[in-house]
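Structure at a glance
For reference, the chains in residue letters:
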Amino acid sequence: MRSTKASAAIARLNERDSAYRYSLGINAAGLFYLLRAEPGGRPEKISADLALDEFVQLVNQTGPQKKARISKLDTAFEKQLGDRKRKAD
């Protein structure tokens, strides 16, 4: 169960960053570390040994980030909020 959360975070990272292949390692103490490999290269350890939650947080912050999608409804709602604040002032 513990490694499922970590491996899901690695899968998301590999989708975001196609320049490298990321994987995880687990040491004897049950701590996780992040491995990165260039295409055709050997994996190298790029993080310290971390607990599960710290590891997932690190993986989520690593690599390019997805931009949040903003719908037309969200934009219209923000505009209405701005209009209300101007009327109140």
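Residues numbered from 1 in each chain as written. Predicted model: local features only at pLDDT ≥ 70, side-chain atom pairs only at ≥ 80, totals over all residues. Heavy atoms only, no water.

Focus: the packing of aromatic side chains
Worth spelling out the cut-off: When two rings of Phe, Tyr or Trp (its six-membered ring) have centres within 6.5 Å they constitute a pair, described as stacked for plane angles under 30 degrees, edge-to-face for angles over 60, and tilted for the intermediate range. In this scheme, a residue with accessible area under 20% of its type's maximum is buried, one over 50% is exposed, and one in between is partly exposed, where area comes from a 1.4 Å probe on protein chains only. By definition, being over a ring means that NZ of Lys or CZ of Arg is both within 6 Å of the ring centre and within 35 degrees of the ring normal.
This structure, assessed with the given rule, holds 2 aromatic pairs. Considering the side-chain rings of Tyr-20 and Tyr-22, the 6.2 Å spacing of their centres and the 65 degrees angle between planes classify their relative orientation as edge-to-face. Residue classification places Tyr-20 among the partly exposed positions, given a relative accessible area of 24%. A cation sits over an aromatic face here: Arg-36 above Tyr-20, 4.5 Å from the ring centre.

Quick word on the side chain of Arg-16
Using the following cut-off: Counting from the N terminus, the helices are the DSSP runs of H or I reaching at least four residues and the strands are the DSSP runs of E reaching at least two. By the counting scheme adopted, Arg and Lys are positive, Glu and Asp are negative, and His together with the chain ends is not counted. Salt bridges are identified by distance alone: a Lys or Arg side-chain nitrogen within 4 Å of an Asp or Glu carboxyl oxygen. In protein, a polar contact means a hydrogen-donor-capable atom and an acceptor-capable atom, both N or O and within 3.5 Å, with residues adjacent in sequence counting only if both atoms are side-chain atoms; elsewhere, any N or O pair within 3.5 Å suffices. Two residues qualify as a contact provided that any one of their heavy atoms is within 4.5 Å of a heavy atom in the partner residue.
Inspection of the secondary structure assignment puts Arg-16 in helix α1 (residues 2-16). The side chain of Arg-16 is buried and forms no salt bridge, while Asp-17, the nearest opposite charge, is found at 7.8 Å. Separated by 3.1 Å, the side chain of Arg-16 and the backbone oxygen of Val-59 make a polar contact. Reaching out from Arg-16, the side chain makes a polar contact with the backbone oxygen of Thr-62 at a distance of 2.7 Å. Those residues in contact with Arg-16 that sit more than four places away from it in its chain are Val-59, Asn-60, Thr-62, Pro-64, Gln-65 and Lys-66.

A closer look at the pattern of salt bridges
Considering all chains together, one arrives at 2 salt bridges under this definition. Salt-bridge contacts for Lys-5 lead to Asp-53; the nearest nitrogen and oxygen are separated by 3.1 Å. Of this pair, Lys-5 sits in helix α1 while Asp-53 is found in helix α2 (residues 52-61), placing the two residues 48 residues apart along the sequence. For Asp-49, the salt bridge goes to Lys-45, with nearest N and O atoms at 3.0 Å.

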